[in-house]
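A closer look at the structure
So you can see what is in the structure, the chains are spelled out below.
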Amino acid sequence: MPNKRTFVFTDRALRGLPTPPKPQQVDYSDAKSRGLGIRISYGGKRVFNVVYTNRAGKRQRVTLGEFGRLEDGKLPLAEARTRAQALLGEVARKYDPAAELRVQRRAPTMRMLATDFIAMQHKRGKKSAAQQEERLNRDVLPVLGEVQARKVTRGDIKSLLSGITDRPAPVLANRVHGLIRTMFNYAIEEETFGLETNPADRLAKHMNPEQGRDRWLSLDEIRRYWMALDEEPLAAAAALRLCLLSGQRQANILGMSVDQLALEDRLWIIPAGTTKTNKPYKVPLSAAVIGIVQARISEL
């Protein structure tokens, strides 16, 4: 077992290095490979590193990997020496790998970009912001969230979209593609995410052309749907029946309030701020709709 901090590293010698007591860690240097060292932590982990002096005269340390067998996903001594030599060659060419690693650790990830993008969408009053946030959290960030935004490739995006298409959900894949492209355009405009080009540009649609939806419920299907709602909670059943009878969006049905109703004129006036066109809608109300609405009002 070596009794000094600098010696010729061998596999046997490295395995025999003593484990320091908590919370200490001990550094050793290889007498055979300039700059190569190993740090032993109190937990017993042995990690190779390279120590060098940068152009400003400051000592820098770059971690190479944990000592061990390659088949165990670790770094053998011979490979550590090869990597140390290559890294010091880059240092000789005025490259500072430690500084580059610090920049990379600070580089914004896709999750950070998504957070900024959604905040901007809400600030601009985009009605789609909540849906965009849901799609990002469900379909994009679980796959690419921790990847640096500037390192996302066309291949990464194609793989992500192919996975959505294979569910199968090709229309959703197109929507997610458009969302990612818009988000990257925002990143380029902001000039704070290290992006100069949009990796989501010029990717083929996953359903081209998209098929229009022209399916209507038959009278028998409507009857069975209506009867099935008897098994649901009263509030949910009422909302779903109003959607069916009025043809209005679920969000507007759920946002309906008494002050929007002119029951004597058989009208429901949906405010401009809640419609897709940002204009108020006047929705004629049938007797069936009025009956459901009045029942709900009396229950409140």
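Please read all numbers here as calculations on a predicted model, not as lab measurements.

Rules used throughout
Residues numbered from 1 in each chain as written. Predicted model: local features only at pLDDT ≥ 70, side-chain atom pairs only at ≥ 80, totals over all residues. Heavy atoms only, no water. Phe/Tyr/Trp six-rings, centres within 6.5 Å; stacked < 30°, edge-to-face > 60°. Lys NZ or Arg CZ within 6 Å of the ring centre and 35° of its normal. Salt bridge = Lys/Arg side-chain N within 4 Å of Asp/Glu carboxyl O. Buried < 20%, exposed > 50% of the residue type's maximum accessible area, 1.4 Å probe, protein only. Core = buried A, V, L, I, M, F, W, Y, C linked by side-chain atoms within 4.5 Å. Helix = DSSP H or I, 4+ residues; strand = E, 2+ residues; numbered from the N terminus. Patch = residues over 30% accessible without salt bridge, like charges linked within 9 Å, V, L, I, M, F, W, Y side chains within 5 Å. Areas by Shrake-Rupley, 256 points an atom, 1.4 Å probe, with all protein chains shown as cover. Pairing = 2+ DSSP bridges. Lys, Arg positive; Asp, Glu negative; His and termini not counted. Charge placed at Lys NZ, Arg CZ, Asp CG, Glu CD. Contact = heavy atoms within 4.5 Å.

This next bit is on the packing of aromatic side chains. One pass over the full model with this rule turns up four aromatic pairs. Taken together, the ring pairs connect Phe7, Phe9 and Tyr28 into an aromatic cluster. Note that Arg5 overlies the ring of Tyr28, its terminal NZ or CZ placed 5.8 Å from the centroid. One cation-aromatic arrangement involves Arg241 over Trp226; the distance from NZ or CZ to the ring centre is 4.7 Å.

Two side chains of opposite charge can pair, provided their charged atoms sit close to one another. Inspection of the entire model under this criterion finds 14 salt bridges. Its salt-bridge partner being Lys74, residue Glu66 comes within 3.5 Å of it at the nearest N-O pair. Overall, Glu66 belongs to the partly exposed group, its relative accessible area being 27%. The shortest N-O distance in the salt bridge between Arg69 and Glu71 comes to 3.7 Å. Grouping residues by exposure puts Arg69 and Glu71 together as exposed. What you see here is one network of salt bridges that share partners, running through Glu134, Arg138, Asp139 and Arg167.

Residues Met110, Leu113, Phe117, Leu136, Ile157, Ile180 and Phe184 are the most contacted members of the largest nonpolar core, which totals 30 residues. The set of elements that each furnish at least two residues to this core consists of helix 4 (110-123), helix 5 (129-144), helix 6 (154-165) and helix 7 (170-190). The biggest single contributor to this core is helix 7, with nine residues. Within the second largest apolar cluster, 23 residues are counted, among which are Ala13, Tyr28, Leu36 and Phe48.

Geometrically, the link from Lys22 to Pro23 is a cis peptide bond, its omega value of 5° lying close to zero. Mapped onto the elements of the fold, Pro23 is located in the loop between helix 1 (11-15) and strand 2 (25-30). Between Arg167 and the following residue, Pro168, the backbone shows a cis peptide bond with an omega angle of 10°. Relative to the elements of secondary structure, Pro168 occurs in the loop between helix 6 and helix 7. Within the chain, Arg202 stands out as a residue other than glycine whose phi angle is a positive 55°. Note on placement: Arg202 falls in the loop between helix 7 and helix 8 (219-228). One non-glycine residue with positive phi stands out, namely Arg266, at about 60°. For Arg266, the location among the structural elements is in the loop between strand 6 (261-262) and strand 7 (267-270). What makes Arg266 partly exposed here is its relative accessible area of 40%.

A surface patch of nonpolar side chains, amounting to about 360 Å² of accessible area, comprises Leu217, Tyr225, Leu240, Leu244 and Leu245. Of the residues forming the nonpolar patch, the biggest block, three residues, is contributed by helix 9 (residues 234-246). With respect to the element layout, Tyr225 can be found in helix 8.

Attention now goes to the sheet that holds strand 7. Judged by pairing direction, the sheet is antiparallel, and its three strands sit side by side in the order 6-7-8 without closing on themselves. Looking along the sheet, the strands with just one partner apiece sit at the ends: strand 6 and strand 8 (281-284). Inspection of the sheet shows strand 6 paired to strand 7 by two bridges, in the antiparallel sense. Note that in strand 7 the partner of Ala262 across the bridge is Leu267.

Another point: a negative patch on the surface. A surface patch of negative charge is lined by Asp116, Glu189, Glu190 and Glu191. Note on placement: Asp116 falls in helix 4.

With that settled, the discussion passes to the pairing of strand 3 (residues 36-41). Across five bridges, strand 2 lies against strand 3 in antiparallel orientation. By the bridge assignment, Tyr28 is partnered in strand 3 with Ile38. The pairing of strand 3 with strand 4 (residues 46-53) spans five bridges and is antiparallel. Each residue of the ladder has a partner; that of Gly37, found in strand 4, is Asn49. Connecting strand 3 to the next strand, strand 4, in antiparallel fashion are four residues, including Gly44 with a positive phi near 95°.

Turning next to the side chain of Thr109. Position of Thr109 relative to the elements: it lies in the loop between helix 3 (97-106) and helix 4. We classify Thr109 as buried; its relative accessible area is 14%. Look past the residues within four positions of Thr109 in its chain and what remains in contact with it is Gly145, Glu146, Val147, Gln148 and Ala149.

What follows deals with the environment of Leu75. Counting through the fold element by element, Leu75 comes out in the loop between strand 5 (59-66) and helix 2 (77-92). Separated by ten residues in sequence, Leu75 and Gly65 place their C-alpha atoms 5.8 Å apart. The contacts of Leu75, once residues within four sequence positions are left out, are Phe48, Leu64, Gly65, Glu66, Phe67, Gly68, Ala80 and Arg83.

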